[in-house]
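Notes for the structure review
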Amino acid sequence: MSVADYAARNRFRLGSAVALVAIAVLAVALLDVPLGDIVTIGFVERSLRAATPIALAAIGGLYAEKSGVFNIGLEGFMIFGAANAAAAVWLIGGDSATQGDLWLAILAAVAISLVYAAIFAVLLIRYEADQIVAGLAVWFLGLGFGPFTAVIIWGNRNSPGLVGIDALTVPGLAGIPVLGPILFNTSPLVMLTAVLAVAAWVVLYRTKYGYWIQAAGENPEALDTAGVNVTRVRYAAVIFSGAMAGLGGAVLLAHAGSFTGTGDTMVNGRGWIGIVAYLFGNYNPVGAAAAALLFGGLDMLQIQFQTAGIDLPNRLVNLFPYAAVIVVLTVWGSTRMPSAVGETYESEE
Amino acid sequence: MASSTDRPPAVELRDITKRFGDVVANDGVDFTLEQGEVHALLGENGSGKTTLMSVLYGLYDKDAGTISIDGDVREFDSPRDAMDASVGMIHQHFQLVEPMTVLQNVVLGHEPTENGLVDEAAAREDVAAISDRYDFDVAQHLDTPIRDLDLGVRQRVEIVKSLYRGAEILVLDEPTAVLTPQEVEGLFDVMEELTAAGRSLVFITHKLGEAIEAADRITVLRDGEAVGTVSADDTSEQELARMMVGREVLFDREPRETTPGDPVFEAEKLRVRGDRGLERVRNVGFTVREGEILGIAGVQGNGQTELVEALTGLRSVESGTVRFHDEDVTTASRRRRIEAGIAYVPEDRHTQGLVLDYDLVRNALLGNQTIEPFAERSFIDWSAVRDHAESIVEEYDVQPPNPNAEAASLSGGNQQKFIVGREIEHDPDVMVASHPTRGVDIGSIEFIHDRLLDLRDAGLAIVFVSSKLAEIQKLSDRIAVMYEGEFVDTVDPDDVTEEELGLLMAGHDREADVDSTAVTADDGGGGDETPADETEPPASEDAPDGGAQS
Amino acid sequence: MSDSDSGRARGVLDRAAAGMLEASVLQRLAIATASTVAALAVGLLVVAAAGYDPAVFLRNVFEGAFGDSNAIARTLKFTSIFVLTGVSVAIAFRAGVFNIGVQGQFVVGGFATVISILWFAPMLPEGAVGGVALMVLGTLAAIVAGGAYAAFPGALKAYAGANEIITTIMLNFIAVGVVGFLVEGPFRGEGQRAPNTDRIPEYVELPQLVYDVPDFSILGLVVALVVVAVVAVVMARTGFGYDMVTSGHQEAAATYSGVDAKRTIVKTMTFSGMVAGVAGAVFAIMMQGYYSDPGGVATYGFDAIAVSLLAANNPLGVVPAGLLFGGLDSAGTHMRINSDVPVQLIDGIVGLVVLFVAAPELFRMAAERTGLGGEKR
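Rules used in this analysis
- Residues numbered from 1 in each chain as written.
- Chains lettered and ligands numbered in written order.
- Predicted model: local features only at pLDDT ≥ 70, side-chain atom pairs only at ≥ 80, totals over all residues.
- Heavy atoms only, no water.
- Helix = DSSP H or I, 4+ residues; strand = E, 2+ residues; numbered from the N terminus.
- Rg over C-alpha atoms; globule rule 2.2 N^0.38 Å.
- Buried < 20%, exposed > 50% of the residue type's maximum accessible area, 1.4 Å probe, protein only.
- Contact = heavy atoms within 4.5 Å.
- Areas by Shrake-Rupley, 256 points an atom, 1.4 Å probe, with all protein chains shown as cover.
- Pairing = 2+ DSSP bridges.
- Axes fitted to C-alpha atoms, helices over the stretch in contact; angles between N-to-C directions.

Our next topic: the overall build of chain C. When you go through chain C residue by residue, the secondary structure sums to 14 helices and zero strands. Moving toward the C terminus, one meets the helices and strands of chain C in the order α-α-α-α-α-α-α-α-α-α-α-α-α-α. Whereas a compact globule of 377 residues would reach a radius of gyration of roughly 21 Å, chain C reaches 22 Å, a difference of no more than 12%. Counting only C-alpha atoms, chain C reaches 75 × 55 × 45 Å along its principal axes. Counting over 377 residues, chain C shows a buried share of 55%. In chain C, once contacts between residues fewer than 6 apart in sequence are set aside, the share between residues at least 24 apart is 76%. For chain C, the exposed area adds up to about 15300 Å²; of that, 64% sits on carbon and sulfur atoms.

Shown next, in the form of structure tokens:
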């Protein structure tokens, strides 16, 4: 699908997005909000950082759903990703972990997520577990065992300060005004996510595996009669989605530098927002990443309001992303889902 | 088109047996497809046609028998194996991915790749070549998503897909079920092109006329057994019908004794939109009187569904009015209409008429939630409902006669009898019955027909929708023919021939070109017989309904 | 067929029906038990893997849940809340609506109870009469607030197609955030160090019967059981219940039978939220006596999902399931003090229970393979 195609097909969606921006600009102008203090380079950079975990989970989730399996457990996989990355970095490097240790820990977290996701996939596909209930169960498991891990290791649901990812400065490019600091002097995980989003797009729309994933979710019988094993495609997609959500959780940890296990844990709904991000992005990986950026920006507004001297209680400003999710779902709620989502498929008899 | 004798048959099935649990779907069936012929596989629903071909296509494992392709014995574990042996199958439900383009669908599973990406240019060239070679008219749609295409084009895409995969032997499963008469003609042309190029075709159908028209030879299946193979040139529809059902079935129109009374149910200038926002019912008006059956005939998908939903309160109308007695019920809710006495036997008994995992007792309440004696104020009197279920089961001969049976466990005919019984016992003034005999066995069909006639004699106003000409003619007092959302004509069943009805259903004028157009809509009906002694295959089904027994 | 004949036939059929029902109830019971046992078993493995003694852990669980009358009172206290929130979830799930927002409705309801009691208290006489009147008013406020807070996502689903799973989860976050903000600032009690509201008056409390503990009255459990009975009757014996359950089974059939699908979604959510509101009221009046930052309140509304699923979304089944979860939570409270096994493990076990409940096929296949419960479906 070309960009023009995408635009033509999503005229309503894009139109509304433009309208939203226009309303925001108008509101800013009328209410005399110091916009310059809010939309700063630092804000964009922070928004991108905040968006990466959501985008990663969203890309994973959309692959699963495209293939016909609703992975509602993204939130849980993110919690596991964050907790396991924290545990791994502690076990590898203790309280003086290096950047290398952190990268290793991220890899380890993704590897563990792969295993969990494989078990989850077996339950969903082989044992035909209720996708919604099993997905919720993953969330509950994360909420229980994530903090449990922390308590076992640190005697507390929150970890002490671990190690955060250092900004990667690309010499030369970082000097470009505006774009330089946003893209070339920031967390390398932001770049990684951007690359993954584009790669996910290419795979989905330009390779045979992408064709198979789409067919598995829309008309599994068609894929089956074309001689491709539907179950295998779905296994791959679900396992990929769990790994991506785990990576999202690990990235969240790497950006935060410590694990928080109180309340709804540090993931705090980002997995759920990831689901909405891909719905908003109309199941397009790049669109989903862009939608994640919107939620990331809302997440970071609080800091901007403070620096701009706008006096809104933190607790309420923190709720903006959740409110935005509801608005998005209400306006774009009737997104067409792949038609075979949630249906189990057995190829014979 | 005759077979060349020096080559072994394209397909030779010997003694194929296939069981599903205790049910024997194919019982020692022999079948031979010669090179370059069109061989029709004829039989009613559930006779084992599709099962047999699914065995050939590797979808089902056979329990016994052998498959030979071009003289070599083969074992197929999956469609892929069958495809490798150049066998392709065009299913009744198209195996197409709707949001993906024609090109993507055709190459699915066999994508040419370059550097890990799908090589679109190469795919495009190959597919266009196939389309052009057979004059399929698909090349210009290569980048169109399937969902934007007509059913006829989709079917050709399916055929192109099989050819792209190298199919020499093509199985077409009920290919005409979803097509308009014009598209059916187009399909027959395509079939001719294919056999002319040396392909061999199996044509699965339950329509006698089509089998004779399109096939070289015809094999009839009944109850999972091959009854016989005949040459299309040497047979007649009567002979085929006899082979299919084992006896001759006649639908005779009985002269009626009562005369219609006052108008009960009226529609005026009705316009209704379909799911996709397109206008599906255009300016339809009618009046049904006490003791009268208005038959609505038409090929599936000409707005009947939307019309019926608008009449029964399941779909809102764009403009126009619906009147019940003297009351304007155009905007009345479904529940209000049920309470007023408009009963409805729905088109789709599996999703609408029954809750499949409820027992019959709980299904007996469906639609009766607010009606006395079942509902007293807000509460349900379950013992009254149970009595009701029992009396329906008894009076309408529902098998097994157990009100505690889960609805899903009943056969299609018995499910339908239960629904018809429940709706009649509403004591309605109006009955809207939409395809009430679809996918139903012959005994149940006759039973349901008799009940509808009884109701008419008892003074009900009945709207009867069907695409089977025979039953429309048998039951109706007047027949309105629906085509592309309009009532193109309303005729008296006694002075219209089936051929004329067929023309009307295909959107032609009744008188204008009877002679010039040889093809009739022939939808589930008996073809070119005289209406007086018309035969109809029982349990014929006009749409890919699935049905309990298929 | 004569009357006596048909009567006899009916008797036979009734017995057959009862037998079938029993079979499926038995099967569900078996699945629920197997899920719980499997979850506990995995939990014990985790305990052992983490270097603790599973036997000690198991003993702690039983002692904490049923060890003495204090433990029992505590178990019943949690049970009361779980039964109420569990029924709330069951209503929605039965009707095919995924109300994951019971936690939020519970919080909003409880907060409304406290605020309305504090508001009305000065206008009513002190003492028992005033106490009862305030409790009734407070509960009504909770019902209204909980119902409205659930009706909103219901309407969004019905009329805008917004997925209720996600909207209700978001509304949970929002409820916790907003109520947290309110008790921190605008509604913080005078002189309160912690972010709490004022206490409700002393006389607004359920009488202490049987168990002499400050935060549990057997009447709380009675309220829960009465609600269960009402819900069970509504679901099984009323037209509204039939409409709801039928919508949950097969929406097209419900529509065909005259059910307005959209309205039913909103009604279902409202009904579910009202019950969640009652849970909030019981929690606020019986257990807490004031309202605090809900971020720290236990997740009764989440665990309720497990309770309801374990009960196969049957209102009556929620009672034993609620008791099980009450026991688990009570054990958690006990372990917090008497054991060094992290109590988060209990949450994990809850997750495992849900996971196993989601995959009944697992047990069916296991049963077939081992030849237990042989009958194949």
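The subject of this paragraph is the overall build of chain A. The helix and strand inventory of chain A stands at 16 helices and two strands. Counting the 349 residues in chain A, one finds 57% classified as buried. Within chain A, contacts between residues at least 6 apart in sequence are counted, and of these 77% link residues at least 24 apart. For chain A, the accessible area works out to roughly 13200 Å², and carbon and sulfur atoms hold 66% of it.

Residue and element names in this part refer to chain B. Reading across from one edge, S6-S9-S10-S3-S11-S12 is the order of the six strands in this open sheet, with mixed pairing throughout. Every other strand in the sheet has two partners, leaving strand S6 (87-90) and strand S12 (225-231) as the edge strands with one partner each. Shown here is a sheet whose adjacent strand axes are inclined to one another by a mean of 20 degrees, direction ignored. Pairing geometry for S6 and strand S9 (residues 169-173), over four bridges, is parallel. Paired with Ile-90 across the strands is Leu-172, a residue of S9. Running at roughly 150 degrees to strand S10 (residues 200-205), helix H1 (residues 49-56) makes contact with strand S3 (38-42), S6, S9, S10 and strand S11 (217-222) of the sheet. The strands touched by helix H6 (residues 181-196) are S3, S9 and S10; relative to S10, the strand with the most contacts, the crossing angle is about 150 degrees.

In short, geometric facts, not functional conclusions.
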